[in-house]
Amino acid sequence: MNCSRGKPCQIAKPSFILIFLLLLLAPLVQLLGSNNPVYQNSRLELFATHPASAGLQNTLDILEKRIEDFELQLGIYPEKRCQIVLIDRARDYQKLSLGKAEIVESSAAFYNSEDARIYVRSIDQVQENYLKLLMHEYLHWFVEDVFIAAPLWFHEGMATIYSQQFGYERYLMYIRHSFWGQKGELFRHSYRYPSRKEEWAPFYQFSAMALRYMEQEYPKAWGEFWGRVSQNYRKGQKSHFGTTFIYSYQLSLYDFNQLFERHSRRQGYLYLFVGINSLIFILLAFSLPIIAYKRKRKMRELPDLEMPEEEAGEM
């Protein structure tokens, strides 16, 4: 309140800009503070500013089934539901992701370990497969729920492989990078994403292949690893990733990454094999029309032969 002698007191008026911002953010604040999901199943809870559409409900039910199949493979069954927050407006998503890693700010969804929630853009803002996107983020939630200090490459490896986002095209990119001498350097990026955008895709590829190497090259250790994790989880305890890994694999994480780097260099030679075979098929595709043309030309050059007259049959 501002009063001076001889003048009436004036009450300071709030800024119209501030009021506008509060009104603008009101739906987002209400959404983040809501404790009532608009839809849920046995594994998931969805929070949104509007009821879930039939299509989205169907997607979440399919996701529930995939989660059940995944949990059955590892023998670990979280009791609590994973919470998903649907963000309808791009500017709201930008506000939520602002200040996090640059790779998060440019993403379609992210898992926030601070409140153990997944934040995802509405389907109209997303170009990739929505089901795989949600499964990817669920796997981040799962890893965070069962492990302490799991490295970033394990997070992304689990999320990429078990969401079925690592197809043949990504594998070809991995062996191409390996052939040209690029390294995953997963140990260096254990808890921080690469700073340059051009390194993001190779990081995902090498992370996924490191997980496959962990599983396929050491199947006995892989089973023992998840057995220890499951046993701790049933006791209500999280497993320290590094300790569990060392006991199961009899390797330090640094040594494992060194072995994987050598494995990747050997895999790189497959790119040369694929390239040679691709070149052969391309040349074959070009040669087939030429061969067919030459064959037709030779057929036209052949002389016409007189057909023998049919002998009259006996009467």
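What you see is a predicted model, and the numbers here were worked out from it, not measured in a lab.

Draft legend 1. Geometry of the pattern of salt bridges. Evaluated as defined, the whole model comprises nine salt bridges. With its nearest N and O atoms 3.9 Å apart, the salt bridge here joins K197 to E102. Within this pair, whereas K197 is found in the loop between helix 7 (168-179) and helix 8 (200-216), its partner E102 is found in helix 4 (residues 102-105), the two being separated by 95 residues in sequence. Connected through salt bridges with shared partners, the residues R196, E198 and E199 form a single ionic network.

Draft legend 2. The arrangement of the packing of aromatic side chains in detail. Per the counting criterion, the structure on display carries 32 aromatic pairs. Consider the rings of F147 and F241, whose centres lie 5.5 Å apart with planes at 70 degrees: the pair is edge-to-face. Of this pair, F147 sits in strand 8 (residues 147-148) while F241 sits in helix 10 (residues 241-249), and the two are 94 residues apart along the sequence. Neither F147 nor F241 differs from the other in exposure class; each is buried. Ring geometry for F154 versus F241: centroids 4.7 Å apart, planes at 55 degrees, classification tilted. Here the residue F154 occupies a position in helix 6 (residues 152-162), and F241 occupies one in helix 10, the gap between them amounting to 87 residues. For F154, a relative accessible area of 0% gives the class buried. On the accessibility criterion, F241 (0% relative accessible area) is buried. One cation-aromatic arrangement involves R117 over F47; the distance from NZ or CZ to the ring centre is 4.5 Å.

Draft legend 3. View of the layout of surface pockets. Computed from the structure, the largest pocket encloses a volume of approximately 1,100 Å³. Along its surface, the largest pocket is lined by 37 residues, and V104, H140, E156, Y193 and Y204 are the ones closest to its centre. Sorting the residues of the lining of the largest pocket by element identifies helix 4, strand 6 (109-112), helix 5 (130-146), helix 6, helix 7 and helix 8 as the ones contributing at least two each. Broken down by element, the lining of the largest pocket gets its largest block of residues, six residues, from helix 5.

Draft legend 4. Expanded view of unusual backbone geometry. One non-glycine residue, A116, lies in positive phi territory at about 55 degrees. Structurally, the position occupied by A116 is in the loop between strand 6 and strand 7 (117-121). On the basis of relative accessible area, A116 is assigned to the partly exposed category, the value being 29%.

Draft legend 5. Looking closely at the packing of helix 5 against helix 6. Helix 6 packs onto helix 5 with a crossing angle of 140 degrees between their chain directions and a minimal axis gap of 8 Å. Between helix 5 and helix 6, the crossing angle belongs to the class labelled oblique. Relative to helix 6, the crossing made by helix 5 is right-handed. Between helix 5 and helix 6, the contacting residues are M135, H136, L139, H140, V143 and E144 on the first element and F154, H155, E156, M158, A159, T160 and Y162 on the second. Class assignment for the residues of the contact of helix 5 with helix 6 results in seven nonpolar, four polar and two charged.

Draft legend 6. Highlighting the sheet that holds strand 5 (residues 82-87). Strand order in this open sheet of five strands is 3-4-5-7-6, and the pairing throughout is mixed. Either end of the sheet is taken by a strand with one partner, and the two such strands are strand 3 (39-40) and strand 6. Both strand 5 and strand 7 contribute to a ladder of five bridges, which runs parallel. Looking across to strand 7, one finds that Q83 is bridged to R117. Set on the sheet, helix 3 (residues 90-97) makes contact with strand 5, strand 6 and strand 7; between it and strand 7 the angle comes to about 145 degrees.

Definitions and cut-offs
Residues numbered from 1 in each chain as written. Predicted model: local features only at pLDDT ≥ 70, side-chain atom pairs only at ≥ 80, totals over all residues. Heavy atoms only, no water. Salt bridge = Lys/Arg side-chain N within 4 Å of Asp/Glu carboxyl O. Helix = DSSP H or I, 4+ residues; strand = E, 2+ residues; numbered from the N terminus. Phe/Tyr/Trp six-rings, centres within 6.5 Å; stacked < 30°, edge-to-face > 60°. Buried < 20%, exposed > 50% of the residue type's maximum accessible area, 1.4 Å probe, protein only. Lys NZ or Arg CZ within 6 Å of the ring centre and 35° of its normal. 1 Å grid on protein atoms, 1.4 Å probe; cavity = no way out; pocket = protein on both sides within 12 Å on 5 of 7 lines; lining within 4 Å. Points joined across faces, edges and corners; volume = space filled by probe spheres on them. Axes fitted to C-alpha atoms, helices over the stretch in contact; angles between N-to-C directions. Parallel < 35°, antiparallel > 145°, perpendicular 65-115°, else oblique. Left-handed = near helix turned anticlockwise from the far one by under 90°. Contact = heavy atoms within 4.5 Å. Nonpolar A, V, L, I, M, F, W, Y, C, P; charged D, E, K, R; others polar. Pairing = 2+ DSSP bridges.

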